[in-house]
Amino acid sequence: MAKTKIENALSALAKEIKNGDKKITFFQGAGISTAAGIPDFRSPKTGLYSNLAKLNLPYAEAVFDIDYFEKTPEPFYILAEELYPGKFLPTKFHYFVKLVQDKGLLKRVYTQNIDTLERIAGVHDKYIVEAHGSFANNHCIDCLKEVSGDIVKECIYNRKEGSRVPLCPDCNGYVKPDIVFFGEGLPEKFFSSWEADANEVEIAIVAGTSLTVYPFASLPSEVNDDAIRVLVNKEIAGDFKVDKRSLDILILKDCEEFVEKICELLGWSSELEKLIENGKKEVMSSRPTLDDKGKERKPGYIDGEFTTNSSKEETDIVEKLNESINKLNI
Ligand code: OAD
Ligand code: ZN
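All residue numbers here refer to positions counted from 1 along the written sequence of the relevant chain. Working convention: letters from A go to chains and numbers from 1 go to ligands, in the order in which they are written. Two thresholds apply to this predicted model, a pLDDT of at least 70 for residue-level local features and 80 or more for giving and counting side-chain atom pairs, whereas whole-chain, interface and lining totals are computed over all residues. Values shown for side chains rest on all heavy atoms present in the structure; no hydrogens or waters enter the calculation.

A.B. asks: Describe the coordination of the zinc ion (ligand 2), listing the residues and the values that go with them.
C.D. replies: Note on donors: an N, O or S atom is included if it sits within 2.8 Å of the metal, or within 3.2 Å for Na, K and Ca, and water is never included, so sites can look incomplete. Distances from the zinc ion (ligand 2) to its protein donors, namely Cys 140 (SG), Cys 143 (SG), Cys 168 (SG) and Cys 171 (SG), fall within the range 2.2 to 2.4 Å. All geometry calls rest on donor angles, where a four-donor set with angles between 85 and 135 degrees is tetrahedral, four- and six-donor sets with opposite donors more than 155 degrees apart and all others between 65 and 115 are square planar and octahedral, and all else is irregular. Note that the zinc ion (ligand 2) binds 4 donor atoms; their angles at the metal cover 97 to 119°, and the shape is tetrahedral. Taken in chain order, the donor set of the zinc ion (ligand 2) reads C-x2-C-x24-C-x2-C. One end of the pair, Cys 140, is in strand S4 (residues 133-140); the other, Cys 168, is in the loop between helix H7 (149-158) and strand S6 (175-179), and 28 residues separate them in sequence. For the pair Cys 140 and Cys 168, one class covers both residues: buried. Secondary structure elements follow DSSP: runs of H or I of four or more residues count as helices, runs of E of two or more count as strands, with numbering from the N terminus. When a residue's accessible area, from a 1.4 Å probe over protein chains only, is under 20% of the maximum for its type it is buried; when over 50% it is exposed; and in between it is partly exposed.

Written as structure tokens, this is what we have:
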């Protein structure tokens, strides 16, 4: 039987990877984490923005806007409670990146995600560029001093009657994790890494991103003409749409299915399964299954039992968010 377009695209990529003479640079976004139960931003029904748009916010992206945060930080912290790292397990895609690292074929991982799942899957810090920052560090937005993550976590998870917004111990200003908000610059590491890497990209795998937020969105257009650019996404996006190149490989598919298929073609399937199994055990053993009060943790949530195929959990997050934001009355 004749091969489909996607099968041809997968075979072409497998051939390039098997050759072993080119390294892979990943450019990724929220779509690689939806299988972990984290909603993306712009998918029409399930995305965070379409759900936030129903609420009483001036505009959906306001939750990540620095000017809005300065006056009204609560919506961000409602979201932070749902998205805080530690609740989710890496997806097959994250373990695929780790496998590429183990094979000595990884050049760099540029990620827009703030969920740190690349790290949890075991990808080494030296390869990771978190273009939109992360929850790892926090600063006061008034005096700019660094504030301990424990203060932020305590406030998010164990708030008593008080506000869910952590305050600076020195000046009482609002504390914000070092996530890049609209209106803020990207971390220095993003620019220095890209300066070093831009001309050295050989295989670019762009995955799970709508390529709408700049400057990240322009990276695939800046790689050299002889680079092989691969788009793994449910829909065509960015430069692949407006300026398609002859070497481009389009795999318009679910990221998790992509990983299964490409690993089959590469003969990596059993290694991938082992990585996932061991990774899951390792994460689970580092997280207690009971909460402070000795109660069993809720499935899918922090320190609890995890499932990785969870549109149900995505819906949970959006529902909880709706409830909490509606209560705010802003
Ligand atoms: P978007 O929500 O804009 O795009 C996600 C893309 O992934 C869409 O094109 C989806 O169709 C696709 N997708 C979703 N699930 C998928 C799956 N399982 N398999 C394949 N494709 C899938 O998310 P980003 O492009 O990451 O900024 O958004 C960029 C930035 O906008 C984010 O970093 C965030 C947001 O404002 C900050 O948080 C600062
Ligand atoms: Zn301060």
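A.B. asks: Give a detailed account of the pattern of salt bridges, specifying residues and quantitative values.
C.D. replies: Between Lys or Arg on one side and Asp or Glu on the other, a salt bridge is scored when a side-chain nitrogen of the former is within 4 Å of a carboxyl oxygen of the latter. Under the counting rule described, the total for this entry stands at 17 salt bridges. Two residues, Glu 200 and Lys 107, come together in a salt bridge whose shortest N-O distance is 2.6 Å. Here Glu 200, found in the loop between helix H8 (188-197) and strand S7 (203-207), pairs with Lys 107, found in strand S2 (residues 106-111); they are 93 residues apart in sequence, far enough to count as distant. Here Glu 200 falls in the partly exposed class, since its relative accessible area comes to 42%. One salt bridge connects Asp 197 with Arg 108, and the closest N-O pair in it is separated by 2.7 Å.

Any functional reading would require information that these geometric values do not contain.
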